[in-house]
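An overview of the molecular structure
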Amino acid sequence: MYLKIVKPLIDKLLSLLLIVLFSPVMLIVAILIYFWDGRPILFIQERPGYKEKIFKIYKFRTMTNETDENGNLLPDEKRLKGISKIIRSLSLDELPQLFNVLKGDMSFVGPRPLLKEYLPLYNERQKKRHNVKPGITGLAQVMGRNAISWREKFEYDVYYVEYLSFWLDLKIILLTIWKVVKREGISQEGKATMEKFNGNN
C-alpha cells in the first residue's frame, strides 16, 4: 500500500510543491553557475533506475571544464572550487532532481542512482538496490554519504529495500536535513567525489 500508492503520491505532490518554493533558489544557482563557468548549467547523465531502467538524471553542474596541457580534464577536486564548491557543500546541485521525482524516475528517498558502468559489477545482493526507485537521498547518504566505503553503502541500500516503510523514509528525510545543515559526509577525505566502484571496494 505505502510503496505502490502512498509513496508515489507523496513524491508527486511534494516535488511539485518544492519546485514552486525553490524556483527562486534554482534561478539564482543557475545564474551563478552561468557567470562563474558558463554553459551548460545542468549536468545531465544517464543512470539506471527502478529495475535497471535507464533514465536521465538532472543536476546543477559544479565541475569546471579545466584541462591539463594534454587536453585531459583535471581531477575532480581541482575542478570543484569557488561558488561551485559552496553549491555542492549545501547540496543545492541536487535541486533539479525534483523534476526527476515529478516525472516518476526517482523518489525522494531511495538508493542513489549510480553509473551505468557499475551494473555488471554488482553481486546478487547488491542488485537488490534496483528493486525500488532511486532517491535524492537515502539511508547510505545519512549514514556517511561519500565518506563511507562502497561495501557499507550497498549494505545500507539493501537494508533500505528490505525494510522500506513510511517511518524509515521520514527518519531518513529528517537526518538528511540535519546532515546538510552540518555538511557532513560530503566527500572522502582529500577527494571531491567518491572513488569509482570496481566491484571489489
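Residues numbered from 1 in each chain as written. Predicted model: local features only at pLDDT ≥ 70, side-chain atom pairs only at ≥ 80, totals over all residues. Heavy atoms only, no water.

**Quick notes on the confidence of the model for the protein chain**
Of all residues in the protein chain, 85% attain a pLDDT of 70 or more, and the chain-wide mean is 87. In the model, residues 186-190 has pLDDT below 50 throughout and makes 13 contacts with residues more than four positions away in sequence or in other chains. (pLDDT = per-residue confidence, 0-100. Contact = heavy atoms within 4.5 Å.)

**Some words on empty space enclosed by the protein**
Scanning the model with the defined rule gives 1 cavity of 30 Å³ or more in all. Considering the residues around the largest cavity, the lining is formed by P48, G49, P111, R112, P113, R129, H130, V132 and P134. Of the residues contributing to the lining of the largest cavity, the split by class is 5 nonpolar, 2 polar and 2 charged. (1 Å grid on protein atoms, 1.4 Å probe; cavity = no way out; pocket = protein on both sides within 12 Å on 5 of 7 lines; lining within 4 Å. Points joined across faces, edges and corners; volume = space filled by probe spheres on them. Nonpolar A, V, L, I, M, F, W, Y, C, P; charged D, E, K, R; others polar.)

**Quick look at the nonpolar core**
F60, L98, M106, F108, I136, Y160 and I172 are the most contacted members of the largest nonpolar core, which totals 26 residues. Those elements that provide at least two residues to this core are α1 (2-37), β2 (54-60), α4 (97-103), β3 (107-109), α5 (139-142), α6 (150-162) and α7 (166-182). For this core, the element with the highest residue contribution is α1, accounting for 7 residues. When near neighbours in sequence (up to four residues on either side) are disregarded, F60 contacts M26, V29, A30, I33, I41, L42, F43, L92, D93, L95 and P96. Core analysis: the next-biggest nonpolar cluster, separate from the first, contains 8 residues, Y118, Y122, W150 and F154 among them. (Core = buried A, V, L, I, M, F, W, Y, C linked by side-chain atoms within 4.5 Å. Buried < 20%, exposed > 50% of the residue type's maximum accessible area, 1.4 Å probe, protein only. Helix = DSSP H or I, 4+ residues; strand = E, 2+ residues; numbered from the N terminus.)

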